[in-house]
Amino acid sequence: MGDSQLAECLSGSASDVVRAFSHSGLTIACAESLTAGMVSSTIADVPGASSVLRGGAVTYVNEIKERVLGVSRESIERYTEVSHQVAREMARGARELFGSDVAVSLTGYAGPGGGTELDPVGTVYLGIADKQHVSSWRCTFDGDRSSVRMQAAAEALELCLAWIRSVESA
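J.: Hey, could you go over the environment of A94 for me, with residue numbers and the actual values?
T.: Considering the arrangement of structural elements, one finds A94 in helix α5 (residues 84–98). Overall, the relative accessible area of 0% leaves A94 in the buried class. It is 12 Å that separates the C-alpha atoms of A94 and K131, two residues lying 37 residues apart in sequence. Not counting residues within four places of it along the chain, the set of residues in contact with A94 comprises A29, C30, A31, L69, G99, S100 and A103.

Rendered as structure tokens:
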């Protein structure tokens, strides 16, 4: 999928997020590292987003993850900033910071540098937190830096849609 197709996918998913969250009367927040605000911005591009988007934190460096979102330095040192643990702490911190019903987080290696043997370039951890649960997923994406970032943002929006569907069916 090319960048223009990914951009269309992002836009469509963001519209679905705004519509679903508006319909349910629920709010969302974002904590973004590698996507640097792409998820929040894409949601904000949709008319009516102000009724659902509480805010977003771009926490590109560890110091800000710790200071703004309350991510534990111990978690970063033990698991690295690109890990399930940090993604979960970012999501929990964003939900608390913005007072939202749910928060989604993204941390990963967009490339071309970075990555580890276990988590090479293209690895992204997504977190989601609501009042009762915090979960995370590991994804791997191919392509250049821009493509990895857009794929990660698209996956985060799809995760939000899956969450709202599960809430509506409960």
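J.: So, the side chain of S100: which residues are in play, and what are the values?
T.: Mapping S100 onto the fold places it in the loop between α5 and β3 (102–108). With a relative accessible area of 2%, S100 lands in the buried category. Not counting the four nearest positions on each side in its chain, S100 is found in contact with T27, I28, A29, R54, A94 and R95.

J.: Any chance you could break down the sheet that holds strand β5 (residues 134–140) for me, citing the residues and the numbers?
T.: The strand order across the open sheet built from 5 strands is β2-β1-β3-β4-β5, with neighbouring strands paired in mixed fashion. Only two strands of the sheet have a single partner each, and these edge strands are β2 (53–58) and β5. When strand polarity is set aside, the average angle formed by the axes of neighbouring strands in this sheet is 15°. Examined bridge by bridge, strand β1 (residues 28–32) and β3 share 5 bridges and lie parallel to one another. By the bridge assignment for β3, C30 is matched with V104.

Thresholds applied
- Residues numbered from 1 in each chain as written.
- Predicted model: local features only at pLDDT ≥ 70, side-chain atom pairs only at ≥ 80, totals over all residues.
- Heavy atoms only, no water.
- Helix = DSSP H or I, 4+ residues; strand = E, 2+ residues; numbered from the N terminus.
- Buried < 20%, exposed > 50% of the residue type's maximum accessible area, 1.4 Å probe, protein only.
- Contact = heavy atoms within 4.5 Å.
- Pairing = 2+ DSSP bridges.
- Axes fitted to C-alpha atoms, helices over the stretch in contact; angles between N-to-C directions.

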